Amino acid sequence: MADLDATLHERLASIVGNAHMLTVAAEAEPYVVDWRGRFRGRARAVVRPGNTAEVAAVVRVCTEVGVPVVPQGGNTGLCGGATPHDTGDEIVIALGRMNRLRAIDAANATITVEAGMPLATVQQHAAAAGLYFPLSLASEGSCTIGGNLSTNAGGTAVLRYGNARDLTLGLEIVLADGRVWDGLRGLRKDNTGYDLKQMFIGAEGTLGVVTAAVLKLFPASRTQVTALVAVPAVTAAVALLELLRSALSDRLTGFELVSGIALALSRKLDPALPAPMPGHAWYVLVQGDDNAPDSPIATLLESSLAAAAEAGVACDATIAQSAAQAARLWALRENISEAQRREGPNIKHDISLAVSSIPAFVDACSTALEQSFPGARQIIFGHLGDGNLHYNLSAPENHPAGDFLDHATAVNRIVHDLVARHGGSFSAEHGIGQLKREDLLRYKSDVEVDLMRAIKRALDPRGLLNPGKVL
Ligand SMILES: Cc1cc2nc3c(=O)[nH]c(=O)nc-3n(C[C@H](O)[C@H](O)[C@H](O)COP(=O)(O)OP(=O)(O)OC[C@H]3O[C@@H](n4cnc5c(N)ncnc54)[C@H](O)[C@@H]3O)c2cc1C
């Protein structure tokens, strides 16, 4: 092992340079623990390649000597997919230095970027060209486009623009044997056989390393409207969605459900945030966008909310009067994950259902959890517009949070069994990583698991790309 390490370190350092090869534990620390602090591993080394040729050379050398690799972007993933195992025999390939803009093609409405570019930087480049890249997550300052594609990230604008998969036209991939597949095509139509890029999107680094991507851009939004609406129940939130969708059509870009408890947590983290309409059990954050500068969306939203109030679907609403006010309403929603993290250990679920099934699911799930874990706080929020809820459970107030995680398996079983019974998915946007492998085997059919294993064997026959993740 020591001999292998010495030779391997030398070979890898000669590819990426000594400065970009981290072998000292303190330097490697940020790369071996996940964002939530739930997974901690060890690595032989962390390498930080600067371009595609260096990634390819690193993978080639590792494959040659049979050493597994773990691709890593911003390390904001919530399923431990980017964290090495504690065996200490893996090499982490951190893509952060690969953050260059390769091209913007305004006529084709596309942007080509390297995988390590932070999502917020992609958005900024698009905006500088007068265009818009709609993928948006609370972690966008840190997560990278390579990680977004590898997890098929969702976020707050899926309702209108789809998830990362829907925004991708082409990919550049380093394969398990170190070859580079150049699929960087900016084509909206290309029926020349299997659509290979789809395999790598959402594969969590288990089939190849994403090194660059061609992404779709859209006209910039010129008129925005943001409202926080108090609603009496989840059924009412779904009815409000139907009403607003028919009034605003695809100008309805965000529709986020936030429970009263989740909103209170968010304000606990930042008491300076607004507290309009306190005391309701449920709220919806509504976002409308239009690329026409004189769009009537604000008036349309106002009249729709008045109709919603009349129908008993909305209790009260506040409409942001400025961009700053809109940002503060959004901060209420986007703070929730961080607020929950500060509150102590919690058991998270990232589920999706047909929107029409959500009220019945929430009823059944909240009853079942309250029966089994009386007093546990159900922190429910998420992208209701596209059927995705974060259904999280925190320890009862004043309960020693430490041992609450011991209930994780039992809690997961209750939530995910009910999701399956309602025809939903146990992982909507965060992926599988090492957190949900058991669930994958429990809820996917044998046929689906066989097909996934066949793809893995075909693309990574030696099992060296992010082993033990997903499958
Ligand atoms: C506060 C907060 C809010 C969040 N909100 C959302 C949300 O709304 N929607 C959502 O979908 N997610 C959300 N996330 C989760 C996370 O930000 C996303 O999963 C994001 O896409 C991960 O990107 P990353 O660059 O941090 O990837 P990492 O965490 O570094 O990696 C994630 C997975 O992708 C693989 N990977 C990373 N880069 C590459 C690459 N170049 N090639 C191949 N594989 C690679 C890793 O091996 C790992 O399996 C949130 C996270 C936080 C902390």
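Residues numbered from 1 in each chain as written. Predicted model: local features only at pLDDT ≥ 70, side-chain atom pairs only at ≥ 80, totals over all residues. Heavy atoms only, no water.

Engineer: Any chance you could explain empty space enclosed by the protein here in plain terms?
Structural biologist: A probe matching the size of a water molecule, rolled over the atoms, marks out where space remains unfilled. The full count for this structure, using the stated rule, is 2 cavities of 30 Å³ or more. What the largest cavity holds in volume is close to 80 Å³. Looking at the largest cavity, the residues that line it are Arg36, Arg38, Ile347, Lys348, Ala408, Asn412, His416, Leu435, Lys436 and Asp439. With 3 residues, the single largest contributor to the lining of the largest cavity is helix H14 (residues 408–421). (1 Å grid on protein atoms, 1.4 Å probe; cavity = no way out; pocket = protein on both sides within 12 Å on 5 of 7 lines; lining within 4 Å. Points joined across faces, edges and corners; volume = space filled by probe spheres on them. Helix = DSSP H or I, 4+ residues; strand = E, 2+ residues; numbered from the N terminus.)

Engineer: Quick question: what am I supposed to make of the sheet that holds strand S1 (residues 21–22) here?
Structural biologist: Hydrogen bonding along the main chain pairs the strands of a sheet, whether they run parallel or antiparallel. Read across the open sheet, the 4 strands follow the order S1-S2-S4-S3; overall the sheet is mixed. With one partner strand each, in any of the chains shown, S1 and strand S3 (69–72) form the two edges of the open sheet. Of the strand pairs in this sheet, S3 and strand S4 (residues 91–94) are connected by 4 bridges, and their pairing is parallel. Counted as the bridge partner of Val69 is Ile91 from S4. (Pairing = 2+ DSSP bridges.)

Engineer: It is not clear to me how the side chain of Glu256 should be interpreted in this structure. Could you clarify?
Structural biologist: Along the chain, the position of Glu256 falls in strand S13 (residues 252–259). On the basis of relative accessible area, Glu256 is assigned to the buried category, the value being 1%. Among the polar contacts made by the side chain of Glu256, one reaches the side chain of His383 at a distance of 2.7 Å. Those residues in contact with Glu256, other than ones at most four positions away along the chain, are Thr156, Tyr283, Val284, Leu285, Trp330, Arg333, Gly382, His383 and Leu384. (Buried < 20%, exposed > 50% of the residue type's maximum accessible area, 1.4 Å probe, protein only. Polar contact = N/O pair within 3.5 Å; in protein donor to acceptor, adjacent residues only side chain to side chain. Contact = heavy atoms within 4.5 Å.)

Engineer: Explain the pattern of salt bridges to me, please; I cannot follow it from the model alone.
Structural biologist: For side chains of opposite charge, pairing can occur when their charged atoms come near one another. A complete count under the given rule lists 19 salt bridges for this structure. For the salt bridge of Glu172 with Arg102, the shortest nitrogen-to-oxygen distance reads 3.1 Å. With Glu172 in strand S8 (residues 168–174) and Arg102 in strand S5 (residues 101–105), this pair connects stretches of sequence that are 70 residues apart. Residue class for Arg102 comes out partly exposed when judged on its relative accessible area of 34%. Of the charged contacts, one joins Asp250 and Arg160 as a salt bridge, the two residues approaching to 3.9 Å between their closest N and O atoms. You can see Asp250 sitting in the loop between helix H8 (234–248) and S13 and its partner Arg160 sitting in helix H6 (residues 158–161), a full 90 residues away along the chain. (Salt bridge = Lys/Arg side-chain N within 4 Å of Asp/Glu carboxyl O.)

Engineer: Can you walk me through helix H10 (residues 297–310) in this structure?
Structural biologist: Two residues of an α-helix separated by three or four positions point the same way, owing to the 3.6 residues in each turn. When the terminal C-alpha atoms of H10 are compared, their 20 Å separation across 14 residues agrees well with the 20 Å that a helix rising 1.5 Å per residue should span. Listing the buried residues of H10 in full gives Ile297, Leu301, Ser304, Leu305 and Ala308. Here the buried residues of H10 occupy an arc of 100° about the axis, which is enough to place them on one side. Residues Thr299 and Glu310 are exposed on H10 and point more than 90 degrees away from its buried face. Residues of H10 that are buried make contact with strand S12 (223–231), H8, strand S14 (282–290) and strand S15 (316–319). Following H10 by one or two positions, Gly312 has its phi on the positive side, about 75°. (Expected span 1.5 Å × (residues − 1). Arc of directions from axis to C-beta.)

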